[in-house]
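Chain by chain, the residues run as shown.
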Amino acid sequence: PDVSVNKPYNADVQATGGVLPYTWSETTAFFDDPSGQGAGASACEGLTLDLTATSSPATISGTPVNEGTCGPFDITVTDSQGVPESDTKSLSITVSAPLGRNDSIADATQLTTGGDLTITASISPYADPVSVANPDNDFYELTATAGSFVTVEITVLRGTFTPPSLLDSVIEIVDVNGIRFSSCRNEGSDDGVTGAPDSTPTLFDDVCLNDDIQLGVIRDSKLDFEVPGSGTVTFFVRVLDWGGNARPEMQYELTITGAD
């Protein structure tokens, strides 16, 4: 997964098949000496590649300090059969600038999707103290043509990171005044009635608020949004933690399709 500068990172490099134990190696040596590897290595600074695992996985962890692309780096895994078998993958990590505070409409992060966009973020910017007002809100500003259809979905990064994210995500879509739209198709409720099956599941007649895609079971969130009005419409996607216990390590992937 990608990451922002100065944000803690922990990701697994998985392998399956063959005969245990595994032996891991990195032929490009970006993580051994980032300063001496030139372009593609400076963004690896602050990250450590642990190749000591003999079952699976290898891990990449640490806190990156430079923007850019860490890699591409080549990781090879070899098994312990009589005639060893191996596999090599070329991987990279994009290290982006911090998003900064975006916990209100006034300082929302502007996104341009070009049709499809997936970003990795946390429920509160890393520099936020938990004691500040509204630390558990992220606002994203987007535009789309009236009459078009936009899908917003959150995948909470639980098993990918250590510790896994405890975010209980909620998505809300609001206008420039913070008023919730009511032209969504909400898989998790019937026109905002919590716990009820949707009697019109194919229509865009639900309030634009979703906690669980499947009520009480899945902690991810999703909304299909029919953009109302005329011309180009500005709207805001609000992401929040249902539990109100926002922490910087509550990481998630936000995927938006259909916006400008």
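Let me sum up the structure you'll find in this document. (Residues numbered from 1 in each chain as written. Predicted model: local features only at pLDDT ≥ 70, side-chain atom pairs only at ≥ 80, totals over all residues. Heavy atoms only, no water.)

### Thoughts on the sheet that holds strand β3 (residues 23–26)
Spatially, β1-β7-β6-β3 is the arrangement adopted by the four strands of the open sheet, whose pairing is mixed. Looking at strand neighbours, the two that pair on one side only are β1 (3–4) and β3, the edges of this open sheet. Note that strand β6 (residues 68–78) and strand β7 (residues 86–96) share nine bridges and pair antiparallel. Each residue of the ladder has a partner; that of Gly68, found in β7, is Val95. (Pairing = 2+ DSSP bridges. Helix = DSSP H or I, 4+ residues; strand = E, 2+ residues; numbered from the N terminus.)

### Examining the pairing of strand β9 (residues 116–122)
With respect to burial, β9 is a largely interior element, five of its seven residues being buried. Taken together, the seven bridges between β9 and strand β17 (residues 251–257) define a ladder with antiparallel strand orientation. Looking at β17, one finds that Ala121 is bridged to Tyr252. (Buried < 20%, exposed > 50% of the residue type's maximum accessible area, 1.4 Å probe, protein only.)

### Things to note about the nonpolar core
Counting 30 residues, the largest nonpolar core has Tyr140, Ile173 and Phe235 as the members making the most contacts within it. Contributions of two or more residues to this core are made by β9, β10 (137–145), β11 (149–156), β12 (169–174), β15 (221–226), β16 (232–241) and β17. (Core = buried A, V, L, I, M, F, W, Y, C linked by side-chain atoms within 4.5 Å.)

### Overview of the sheet that holds β15
In spatial order, the strands read β9-β17-β11-β15-β13; together these five strands make up an open sheet with antiparallel pairing. The open sheet has two edge strands with one neighbour each: β9 and β13 (184–185). Sheet topology note: the β11/β15 ladder contains six bridges and is antiparallel. Following the sheet pairing, Glu153 is matched in β15 by Lys222.

### Considering the packing of aromatic side chains
Counted by the stated rule, this structure contains four aromatic pairs. The interplanar angle of 85° and the centroid separation of 6.4 Å between the aromatic rings of Tyr22 and Trp24 together place this pair among those described as edge-to-face. Given a relative accessible area of 8%, Tyr22 falls into the buried group. Judged by relative accessible area, Trp24 falls into the buried class, the value being 7%. Pairing Phe181 with Phe225 gives two aromatic rings, centres 5.1 Å apart and planes at 50°, and the pair type is tilted. (Phe/Tyr/Trp six-rings, centres within 6.5 Å; stacked < 30°, edge-to-face > 60°.)

### Thoughts on the state of the cysteines
Across all of its chains, the model carries two disulfides by this definition. The disulfide bridge from Cys44 ends at Cys70, spanning 2.0 Å between sulfur atoms. Sign of the S-S torsion, about 100° for the bond between Cys44 and Cys70, identifies this disulfide as right-handed. Taken together, the positions of Cys44 in the loop between β3 and β4 (47–50) and Cys70 in strand β6 put the pair 26 residues apart, joining distant regions of the chain. Considered together, Cys44 and Cys70 belong to a single accessibility category, that of buried residues. For Cys184, the disulfide goes to Cys208, at an S-S distance of 2.1 Å. Between Cys184 and Cys208, the S-S torsion sits near 105°, and that sign places the bridge as right-handed. Residue Cys184 is located in strand β13, and its partner Cys208 is located in the loop between β13 and β14 (209–210); the two are separated by 24 residues in the primary sequence. Using a relative accessible area of 0% as the deciding quantity, one classes Cys184 as buried. (Disulfide = S-S within 2.5 Å.)

### Some words on the environment of Thr69
When you line up the elements, Thr69 lands in strand β6. Along the sequence, Thr69 and Val95 sit 26 residues apart, while their C-alpha atoms lie 5.9 Å from each other.

### A look at the environment of Thr118
Tracing the chain through its elements places Thr118 in strand β9. Between the C-alpha atoms of Thr118 and Ile256, which are 138 residues apart in sequence, the distance is 6.5 Å. Apart from the residues lying within four places of it in its own chain, the contact partners of Thr118 are Glu253, Leu254 and Thr255. Of note is the side chain of Thr118, whose polar atom sits 3.0 Å from the side chain of Thr255. (Contact = heavy atoms within 4.5 Å. Polar contact = N/O pair within 3.5 Å; in protein donor to acceptor, adjacent residues only side chain to side chain.)

### Some details on the pattern of salt bridges
Applying the stated criterion to the full structure yields three salt bridges. Across the salt bridge formed by Glu172 and Arg180, the nearest N and O atoms sit 2.8 Å from each other. Classification of Glu172 as buried rests on a relative accessible area of 7%. Relative accessible area serves as the criterion here: at 39%, Arg180 is assigned to the partly exposed category. In this structure, Asp224 and Arg185 form a salt bridge, with 3.3 Å as the shortest nitrogen-oxygen distance. In this pair, Asp224 is assigned in strand β15 and Arg185 in strand β13, connecting sequence segments 39 residues apart. Here the salt bridges do not stand alone but share partners, grouping Glu172, Arg180 and Arg238 into one network. (Salt bridge = Lys/Arg side-chain N within 4 Å of Asp/Glu carboxyl O.)

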